[in-house]
There are 2 protein chains.
Amino acid sequence: MAQTRNKFDFEDLLDKHHLKKTSPRLRVLSMMASKSTATSQPDLESVMNDIDRVTLYRILNAFEEKGIIHKVFDLNGTANYAMCSSNCGEHHHHDEHLHFNCTVCKNVYCLDDLHLPPVSLPEGFKTEGFTLYANGTCPKCTKKAAAKSA
Amino acid sequence: MAQTRNKFDFEDLLDKHHLKKTSPRLRVLSMMASKSTATSQPDLESVMNDIDRVTLYRILNAFEEKGIIHKVFDLNGTANYAMCSSNCGEHHHHDEHLHFNCTVCKNVYCLDDLHLPPVSLPEGFKTEGFTLYANGTCPKCTKKAAAKSA
DNA sequence: AATCAAATGCAATATTATTGCATTTATAAT
DNA sequence: ATTATAAATGCAATAATATTGCATTTGATT
């Protein structure tokens, strides 16, 4: 939800997870936190083109394992990353919210506060987690479209 | 749900969509229809290793466009394909069912007859489609685990 | 300031996906 | 049946994406 965070928040975050506070990591965090949508891996790469690709992979993996960010695949199967809400921990992701993928701007929105209605599965299926995906047009793109057709 | 289909069903299917009845296509169809779960692209490739990789890509794309199969990404972001239920058509996918990804055997189950409860989105989001994902342990793997621990 | 482990960057390699073109194949027309 | 054709396949080349090993650098600790 892109609540404003400052430099020190990120340093604390890394501290908490026993990760060293390096410049690439802090930059990745601040980029992701500055956006209201998830950030695609390609976007990350092009914006942080001075950071080695491999380093980026490793940072993202480390963050994901620690429960700092979560990964979500968009309609094209490309990985997007977003900050986890507070209740995620190491190996305990609770990102059971709605992921909305805009078909126009391709952005992925994490709608955290939208909790899913309970779904009962057929006999024998033991569920660990749910994720609901929706695709369509996001508010921004809906507005733009309306402005054009007016 | 892997209803038994014979050779002629597949030929009809291809006919209906104005696709030529070629041997690679028929093989892909029969493989997918023989399974109760979605088929991962790697699996398809290894089983059909005599079919060119490129051909496989093109077949899958063609089938998807025509609404014969649908693509679903599993937990690892690898593409899986499954036959569409009858109400899918060209550019009109209605695979709004539950995709269950077993964390043990990695299989993706399409639970067609499970319809999602209605979800209301925040102001401004216009939804075209929903997909619900769940992960956990499938009946087979649950059984196996129970047998072992007994 | 010195030490040590962790993280980064680079090179090499592997995997996955795409494009262009020559050849083959299924269909439709003769 | 034979032939013409458009479509589909297979191959080669290339692009894009992901992984591994290792030398170097950096952050934290003493």
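As recorded by an unreviewed UniProt entry, chain A carries the name Ferric uptake regulation protein and is attributed to Mucilaginibacter polytrichastri.

1. Describing the sheet that holds strand E3 (residues 79–83) of chain B
All names here are of chain B. Spatial ordering of the open sheet is given by E1-E3-E2, a layout of three strands whose pairing is antiparallel. Each edge of the sheet is formed by a strand with only one pairing partner; in this case those strands are strand E1 (39–40) and strand E2 (69–73). The sheet contact formed by E1 and E3 spans two bridges and is antiparallel. Opposite threonine 39, over in E3, you have tyrosine 81 as the bridge partner. Contacting E1, E2 and E3, helix H2 (residues 23–33) runs over the sheet at an angle of about 85° to E3.

2. A word on the packing of H2(B) against helix H4 (residues 53–66) of chain B
Residues and elements named next belong to chain B. Taken N-terminus to C-terminus, the directions of H2 and H4 make an angle of 65°; their axes are 11 Å apart at the nearest point. The pairing of H2 with H4 is recorded here as roughly perpendicular in orientation. As for the relative orientation of H2 and H4, their crossing is right-handed in sense. Where H2 abuts H4, its residues Pro24, Arg25, Val28 and Leu29 lie against Leu56, Ile59, Leu60 and Phe63. Per-class residue counts for the contact of H2 with H4 are seven nonpolar, no polar and one charged.

3. A look at the pairing of strand E5 (residues 108–111) of chain B
Every second residue of E5(B) is oriented toward a common face, with B:Val108 and B:Cys110 on one face and B:Tyr109 and B:Leu111 on the other, all of them buried. Turn length for the strand E4 (residues 98–102) of chain B-E5(B) hairpin, with the two strands adjacent in sequence and antiparallel, is five residues, and the turn residue B:Lys106 shows positive phi of about 70°.

4. Thoughts on the packing of aromatic side chains
In total, this model carries seven aromatic pairs over all chains according to the counting rule given. Ring geometry for A:Phe125 and B:Phe100: centres 4.7 Å apart, planes at 65°, overall edge-to-face. Taken together, the positions of A:Phe125 in the loop between strand E5 (108–111) and strand E6 (126–137) and B:Phe100 in strand E4 put the pair across two chains. Comparing A:Phe125 with B:Phe100 shows no difference in burial state: the two are buried. By way of ring pairs, the aromatic residues A:Phe100, A:Tyr109 and B:Phe125 are connected into one cluster.

5. Describing the UniProt feature "binding site: Zn(2+)" (unreviewed entry) in chain A
As annotated by UniProt and renumbered to match this structure, "binding site: Zn(2+)" (unreviewed entry) occupies A:Cys102, A:Cys105, A:Cys138 and A:Cys141. The named residues occupy 40 residues along the chain; their greatest pairwise C-alpha distance, 8.2 Å, places them in one compact cluster. Here A:Cys105 is to be found in the loop between strand E4 (98–102) and E5. Judged by its relative accessible area of 29%, A:Cys105 is partly exposed. Those residues in contact with A:Cys105 that lie beyond four places of it in its chain are A:Cys138 and A:Cys141. Assignment of secondary structure puts A:Cys138 in the loop between E6 and helix H5 (139–149). Ignoring any residue separated from it by four or fewer positions in sequence, one finds A:Cys138 in contact with A:Phe100, A:Cys102, A:Cys105, A:Tyr109, B:Gly124 and B:Phe125.

Rules used throughout
- Residues numbered from 1 in each chain as written.
- Chains lettered and ligands numbered in written order.
- Predicted model: local features only at pLDDT ≥ 70, side-chain atom pairs only at ≥ 80, totals over all residues.
- Heavy atoms only, no water.
- Pairing = 2+ DSSP bridges.
- Helix = DSSP H or I, 4+ residues; strand = E, 2+ residues; numbered from the N terminus.
- Contact = heavy atoms within 4.5 Å.
- Axes fitted to C-alpha atoms, helices over the stretch in contact; angles between N-to-C directions.
- Parallel < 35°, antiparallel > 145°, perpendicular 65-115°, else oblique.
- Left-handed = near helix turned anticlockwise from the far one by under 90°.
- Nonpolar A, V, L, I, M, F, W, Y, C, P; charged D, E, K, R; others polar.
- Buried < 20%, exposed > 50% of the residue type's maximum accessible area, 1.4 Å probe, protein only.
- Phe/Tyr/Trp six-rings, centres within 6.5 Å; stacked < 30°, edge-to-face > 60°.
- UniProt positions renumbered as here; feature names shortened; annotations may be inferred.

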